[in-house]
Amino acid sequence: MSEFPFLSALIVLPLIGAAITAAVPRDKPRQAKIIALSFSGVVAVITAVLCVGFVAGDAALQFTENYPWVPDWGLELSFGVDGIALVLVALTALLTPIVIGASWNDADNEKRSSPVFFSLILALQATMIGTFISTNILLFYVFFEVMLVPMYFLIGSYGGKRRQYAAVKFFLYSLFGGMILLAAIIGLWVVSGGVLDWATLTGSGSDSLQLEAGSLQNWLFLGFFAAFAIKAPFFPFHTWLPDAGSAAPAGVAALLVGVMDKIGTFAILRYCLPLFPDAAQVFAPYAIGLALVGVIYGALLAVGQKELRRLVAYTSIAHFGFIGVGIFAFTTQSASGAVLYMVNHGLATGLLFLVVGMLASRRGSSDIADFGGAAKMVPLLAGTFFIAGLASLALPGTAPFVSEFMVMLGTFTVNKPAAVISLLGIVLAAGYVLWMYQRTMQGTVNAEMVKANGMKKDLNMREKFVVAPLIAGILLLGFFPQPVLDVINPAVEHTLDSVGVSDPEPTGQVATAEDSE
């Protein structure tokens, strides 16, 4: 156990901040915003300390903490991070203060409480981090379910059109997945003799479950996988995302797609693969099939969207398909690429949602037809939008390109048809991103848009501070991803070892000078 409880502080501090922020009088919104931003900044600093102190070459859990919870049941409040969890905690810690800054004026409405809005964001941050660092499966489930509450109110109370419908749909889908997960956890509890500690179940004695392929292990895998596939979301469990993404405030949508959805793919790596290795291999071809359908289906629907937020939401369905392919290809390169993709997608799509929100607030609409020639009026905002779009289509030099390339390369070595089909999604991505930018930013200036006073204002200083870290992260990881990969790779290798798979041996031959003679 580390001397200072870093991990539990990452949960407790945002919760304290949420309580203090919510207690601020409604007529003092600026005070609430400063408090929320301050607490999220402290969380970011603690996370930075964690990253500096993390031993990159070690696959074991680090900064572990254990506290009594329900002693009679052998349950503890257990926390720990490996490389996979650490990079996602860092993503959460980075995005939250950025979202608070981007949402500075989103709740300034007489009918809505600004302090409550920002307190909900802090509560959401605490619960999302809790899912990444929990090493007791029941504790993970608690955070997995509780985080639905702040997101439900953020969408339902502070969203735009059809916000209540979108919030209820999101909540019901997620709650249904949680019920399936709870049933699977109870089943695991029974067959493991009451053991729900992740480190114990996946350690050297992980084979003690002795569940043969095709038996109870398969059902437990399906229970866990279904819950996480809904959360991710994978096709065909995706239908809640476009509604939630388009109805939520821009900053909330950035957290929803940039972080919360990653909990699904993270949990597949954390729980489905090492806990049920035989079943994971049995169902891998089907999971890859669903992921490939998502890649093509999400891209095709994105092409036909007429509203910016829904378009970005559908692109995320396609991107999660790439992550799924990378996970279930079972190669170190593809799986490391999938984890890196989670981080890079959070940066790129988070930026894209925030920029779309800035455009919509200025124009008073997010319909593509209501724009046209906007680059002539807001050139800095248009340039930021262009960078976000290029990152979304994985242009070389941007962070998503590295992870997408790794997924494709690692998949190609074991499943060439899946890699080739995925390439079609990359082609479609170029189409929908460039079409979106051309329709909104280029061409003749829309006469109606000129009448919107907001379109006469380019990026202000606050908005520049919001987008700058995301652009920097996209470019930095696009050219220099190795430090992050050094953290990710050992945990990925350990996960694949627990499944019992290894990278294929190279089959090509390199000609030498002696051979040519």
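Structure's up top.
A short tour of the structure in this document, coming up.

Parameters at a glance
- Residues numbered from 1 in each chain as written.
- Predicted model: local features only at pLDDT ≥ 70, side-chain atom pairs only at ≥ 80, totals over all residues.
- Heavy atoms only, no water.
- Helix = DSSP H or I, 4+ residues; strand = E, 2+ residues; numbered from the N terminus.
- Rg over C-alpha atoms; globule rule 2.2 N^0.38 Å.
- Buried < 20%, exposed > 50% of the residue type's maximum accessible area, 1.4 Å probe, protein only.
- Areas by Shrake-Rupley, 256 points an atom, 1.4 Å probe, with all protein chains shown as cover.
- Axes fitted to C-alpha atoms, helices over the stretch in contact; angles between N-to-C directions.
- Parallel < 35°, antiparallel > 145°, perpendicular 65-115°, else oblique.
- Contact = heavy atoms within 4.5 Å.
- Nonpolar A, V, L, I, M, F, W, Y, C, P; charged D, E, K, R; others polar.
- Core = buried A, V, L, I, M, F, W, Y, C linked by side-chain atoms within 4.5 Å.
- Polar contact = N/O pair within 3.5 Å; in protein donor to acceptor, adjacent residues only side chain to side chain.
- Phe/Tyr/Trp six-rings, centres within 6.5 Å; stacked < 30°, edge-to-face > 60°.
- Pairing = 2+ DSSP bridges.
- Salt bridge = Lys/Arg side-chain N within 4 Å of Asp/Glu carboxyl O.

Description of the overall build of the protein
Tallying secondary structure elements over the protein gives 22 helices and two strands in all. Computed over C-alpha atoms, the radius of gyration of the protein comes to 23 Å, within 12% of the 24 Å expected from 2.2 N^0.38 for 517 residues, which places it in the range of a compact globule. The principal-axis extents of the C-alpha atoms in the protein amount to approximately 70 × 70 × 40 Å. In the protein, which comprises 517 residues, the proportion classed as buried is 59%. Carbon and sulfur atoms make up 65% of the accessible area of the protein, which totals about 19,800 Å².

Quick word on the packing of helix α9 (residues 216-231) against helix α12 (residues 262-275)
Two elements in contact, α9 and α12, have axes separated by 9 Å at closest approach and are oriented at 170°. As summarised for this structure, α9 and α12 are arranged roughly antiparallel, according to the angle between their axes. Contact with α9, carried on its side by Phe221, Phe224, Phe225, Phe228 and Lys231, involves Gly264, Ala267, Ile268, Tyr271, Cys272 and Leu275 of α12 and no other residues of that element. Each residue belonging to the contact of α9 with α12 can be placed in one class, and the counts come to nine nonpolar, one polar and one charged.

Some words on the nonpolar core
Counting 186 residues, the largest nonpolar core has Ile155, Phe224, Phe228, Leu273, Phe328 and Phe385 as its most contacted members. No other element matches helix α15 (residues 332-363), which puts 17 residues into this core. Beyond its immediate chain neighbours, meaning those up to four positions away, phenylalanine 328 contacts Phe221, Phe225, Ile268, Leu273, Ala280, Ala284, Ala287 and Ile288.

What about the side chain of serine 366?
Note on placement: serine 366 falls in the loop between α15 and α16 (379-392). Of the polar contacts made by the side chain of serine 366, one reaches the side chain of glutamate 307; its length is 2.2 Å. Residues within four places of serine 366 in sequence aside, it is in contact with Glu307, Leu308, Arg309, Ala360 and Phe371.

Side note on the packing of aromatic side chains
Using the criterion set out here, one finds 26 aromatic pairs in the structure. Centre to centre, the rings of phenylalanine 132 and phenylalanine 266 are 5.2 Å apart; their planes meet at 85°, and the pair counts as edge-to-face. With a gap of 134 residues between them, phenylalanine 132 in helix α4 (residues 114-133) and phenylalanine 266 in helix α12 connect regions that are remote in the sequence. For the pair formed by phenylalanine 132 and phenylalanine 266, the shared burial category is buried. When the centroid spacing of 6.0 Å and the interplanar angle of 80° are considered together, the rings of phenylalanine 140 and phenylalanine 228 count as edge-to-face.

Concerning the pairing of strand β2 (residues 75-81)
Counting buried positions along β2 gives five out of seven residues, so the element sits mostly inside the fold. Where strand β1 (residues 62-70) meets β2, six bridges bridge the pair, whose relative direction is antiparallel. Bridge pairing in β2 links tyrosine 67 to leucine 77. The hairpin formed by β1 and β2 contains four residues between the paired strands, and glycine 74 there has a positive phi angle of roughly 75°.

Digging into the pattern of salt bridges
Summed over all chains, the structure comprises four salt bridges. The shortest N-O distance in the salt bridge between aspartate 82 and arginine 270 comes to 2.8 Å. Here aspartate 82, found in the loop between β2 and α3 (83-102), pairs with arginine 270, found in helix α12; they are 188 residues apart in sequence, far enough to count as distant. For arginine 270, a relative accessible area of 5% puts it in the buried group.

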